[in-house]
Each structure stands twice: as structure tokens, then as C-alpha cells.
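Here's the letter readout for the chains.
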Amino acid sequence: MKLEVVGKNIEVTEGIRNAIENAVNELDKYFVKKELTTKVVVKTYPVGTKVEMTIIVDADHTLRQEVMNDDLYYAIDKAGKKMERQLRKFKERLFWQGR
């Protein structure tokens, strides 16, 4: 999986990048093809931080999650868990549609 990490109003440190990579690597088990693009944007605001995670599955399907919290690492973990739940539902829908 190709990973792109962008920071807005924040410098993406090695610790932040490692936390994001760990969250995204847990999602690999849901995909057969590994050429997917994942983009993670980390934004800081005066009241907290926001993590936006986007996975482009194919030309027709894009999965996106957005989590805002005061703790950046909690927001990264929460976005990863929400994306995992969304991926599970997506794969289930594809299975029942017969793709």
C-alpha cells in the first residue's frame, strides 16, 4: 500500500509517521492487491487536531474517515479503527453483490 502523509500547520515527525504507518498496516489484510493509495492528512487547530484518512480502492470507490480530538495519537488510532470497520462493511457488500 502506497502511503502519503501530509501535515497542515504541523511538522510530521518520525513518531507521528510510525503511528500512522502502524494504523494503515493493519488494513492490509483486507486487500488482495497492494497497489492502493492511502493519503493521511494531519491538521492542527487551536482546539485540537484532525486526522483525515482516504483510501482510493478503485476508480469507483473511495473510502474516507475523519477524526478530531485533542490527542493526536488517539485520533490516529480512532481513524484506523473506523476505517477498518468501513473496509469490513465494504468487503461484505462486495461479497453479497457477487463481485
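To be clear, the structure that these remarks concern was listed above.
Basis of the calculations
Residues numbered from 1 in each chain as written. Predicted model: local features only at pLDDT ≥ 70, side-chain atom pairs only at ≥ 80, totals over all residues. Heavy atoms only, no water. Patch = residues over 30% accessible without salt bridge, like charges linked within 9 Å, V, L, I, M, F, W, Y side chains within 5 Å. Areas by Shrake-Rupley, 256 points an atom, 1.4 Å probe, with all protein chains shown as cover. Salt bridge = Lys/Arg side-chain N within 4 Å of Asp/Glu carboxyl O. Lys, Arg positive; Asp, Glu negative; His and termini not counted. Charge placed at Lys NZ, Arg CZ, Asp CG, Glu CD. Buried < 20%, exposed > 50% of the residue type's maximum accessible area, 1.4 Å probe, protein only. Axes fitted to C-alpha atoms, helices over the stretch in contact; angles between N-to-C directions. Helix = DSSP H or I, 4+ residues; strand = E, 2+ residues; numbered from the N terminus. Parallel < 35°, antiparallel > 145°, perpendicular 65-115°, else oblique. Left-handed = near helix turned anticlockwise from the far one by under 90°. Contact = heavy atoms within 4.5 Å. Nonpolar A, V, L, I, M, F, W, Y, C, P; charged D, E, K, R; others polar. Polar contact = N/O pair within 3.5 Å; in protein donor to acceptor, adjacent residues only side chain to side chain.

(A) Main features of a positive patch on the surface. A cluster of basic side chains, namely Lys 78, Lys 81, Arg 85, Arg 88, Lys 89 and Arg 93, defines a positive patch on the protein surface. Assessed through its relative accessible area of 52%, Lys 89 is described here as exposed.

(B) Representation of the packing of helix 1 (residues 14-25) against helix 2 (residues 72-97) in the model. For the pair helix 1 and helix 2, the least separation of the axes is 9 Å and the interaxial angle reads 20°. The orientation of helix 1 with respect to helix 2, classified from their angle, is roughly parallel. For the element pair helix 1 and helix 2, the recorded crossing hand is right-handed. Along the contact surface, helix 1 presents Gly 15, Ile 16, Ala 19, Ile 20 and Ala 23, while helix 2 presents Leu 72, Tyr 73, Ile 76 and Gly 80. By residue class, the composition of the contact of helix 1 with helix 2 is 7 nonpolar, 2 polar and no charged.

(C) Quick look at the side chain of Glu 52. Tracing the chain through its elements places Glu 52 in strand 3 (residues 48-56). For Glu 52, a relative accessible area of 10% corresponds to the buried category. In terms of polar contacts, Glu 52 uses its side chain to reach the side chain of Lys 43, at 3.4 Å. Side-chain polar atoms of Glu 52 contact the side chain of Arg 64, separated by 3.4 Å. Once residues lying within four places of it in the same chain are set aside, the contact partners of Glu 52 are Lys 39, Val 40, Val 41, Lys 43, Arg 64, Gln 65 and Glu 66.

(D) A look at a negative patch on the surface. Together, Glu 26, Asp 70, Asp 71 and Asp 77 give the surface a local cluster of negative charge. Along the polypeptide, Asp 70 turns up in the loop between strand 4 (62-69) and helix 2.

(E) Quick look at the pattern of salt bridges. Inspection of every chain in the model, using the stated rule, returns 5 salt bridges. For the salt bridge of Glu 52 with Lys 43, the shortest nitrogen-to-oxygen distance reads 3.4 Å. Judged by relative accessible area, which is 22%, Lys 43 ranks as partly exposed. Note that Arg 64 and Glu 52 form a salt bridge whose closest N and O atoms lie 3.4 Å from each other. Placement of Arg 64 in strand 4 and of Glu 52 in strand 3 is noted, with a sequence separation of 12 residues between them. It is possible to trace a salt-bridge network through shared partners that takes in Lys 43, Lys 50, Glu 52, Arg 64 and Glu 66.

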